[in-house]
Amino acid sequence: MDFAAFESVDATSLRWLRRGESPLQFDLLAGERLVASLEWRAHGGTFATARTAQGSWTLKRVGFLNPEITVRPHGSNENVARLTAHLQYHRIELTKGLTYRFHRAGVLVPAWQVTEETGREVLHVEPVRDGRKLVGGAVLAPAFAPALVGFRLLLLVSWYFIALAWFEDEALATLEGTAAPAPPRAAAPGPGRSP
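1. As for the confidence of the model for the protein
Right, so step 1: Of all residues in the protein, 86% have pLDDT values of 70 or greater, and the mean over the chain is 87.
Right, so step 2: Within the model, pLDDT remains below 50 along residues 179–195, and this stretch shows 3 contacts once partners closer than five positions in the same chain are excluded.

In structure tokens, the structure reads:
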């Protein structure tokens, strides 16, 4: 399927849809039109490739104590975007000198926001799940946002972060069910039984 250009769709209301399991893949749709895809190279890995009509990028989480997510044009070693993790919010930096905050929309709200330093919202991303499984996400943007420099990169890096964190949570959830069952309890002595 060919990608539609962002300029040809209503980019104020998009949705991510999980398409593949192995490798993990999400498609970004505007209505029924495909505008981007994000596919992980290996199950459980952090390397992913994003594609749009305007090009392709690689995304990867690097670092241990100070993790960050890098976004590079496919085949390049130069970052065009970088997400760094902080305690209360995360920071997205674009090579054009633009900086955004990436944070939860609220304590009890499962959604995420990308905001300018002034606090003006650029993206609102709400994950959609089926049980514990991430199946997609709704993306809302104000009318001015799709015209921003780097809008596509903000869409890609924010969803990569959400999906990667969710996959790690899914993996931990499967481990919770692998604990050895408790040994059967001995029957309590009753009338006519010896201890």
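2. Thoughts on the side chain of Thr-58
Right, so step 1: Take Thr-58: it is sitting in strand β5 (residues 55–62).
Right, so step 2: Relative accessible area serves as the criterion here: at 11%, Thr-58 is assigned to the buried category.
Right, so step 3: Sequence-distant contacts of Thr-58, that is, excluding residues within four places in its chain, are made with Phe-47, Ala-48, Thr-49, Thr-70, Val-71, Arg-72 and His-74.

3. Some words on the pairing of strand β9 (residues 99–104)
Right, so step 1: Across 4 bridges, the pairing between strand β8 (residues 90–94) and β9 is antiparallel. Bridge assignment links Ile-92 to a residue of β9, and that residue is Tyr-100.
Right, so step 2: Linking two consecutive strands that pair antiparallel, namely β8 and β9, is a turn of 4 residues; a positive phi of about 90° is found at Gly-97 within it.
Right, so step 3: In this sheet, strand β10 (residues 112–116) lies alongside β9 in antiparallel orientation, the contact comprising 5 bridges. Bridge pairing links Arg-101 to Thr-115 in β10.

4. A word on the pattern of salt bridges
Right, so step 1: By the definition in use, this model includes 11 salt bridges.
Right, so step 2: One salt bridge connects Glu-117 with Arg-91, and the closest N-O pair in it is separated by 3.5 Å. Here the residue Glu-117 occupies a position in the loop between β10 and β11 (121–130), and Arg-91 occupies one in strand β8, the gap between them amounting to 26 residues.
Right, so step 3: Since its relative accessible area comes to 39%, Glu-117 is described here as partly exposed.
Right, so step 4: For Arg-101, the salt bridge identified is with Glu-117, shortest N-O distance 3.6 Å. Of this pair, Arg-101 sits in strand β9 while Glu-117 sits in the loop between β10 and β11, and the two are 16 residues apart along the sequence.
Right, so step 5: Given the relative accessible area of 29%, Arg-101 is considered partly exposed.
Right, so step 6: Within the structure, one salt-bridge network assembled from shared partners comprises Glu-68, Arg-82, Arg-91, Glu-93, Arg-101 and Glu-117.

Scoring rules and cut-offs
- Residues numbered from 1 in each chain as written.
- Predicted model: local features only at pLDDT ≥ 70, side-chain atom pairs only at ≥ 80, totals over all residues.
- Heavy atoms only, no water.
- pLDDT = per-residue confidence, 0-100.
- Contact = heavy atoms within 4.5 Å.
- Helix = DSSP H or I, 4+ residues; strand = E, 2+ residues; numbered from the N terminus.
- Buried < 20%, exposed > 50% of the residue type's maximum accessible area, 1.4 Å probe, protein only.
- Pairing = 2+ DSSP bridges.
- Salt bridge = Lys/Arg side-chain N within 4 Å of Asp/Glu carboxyl O.

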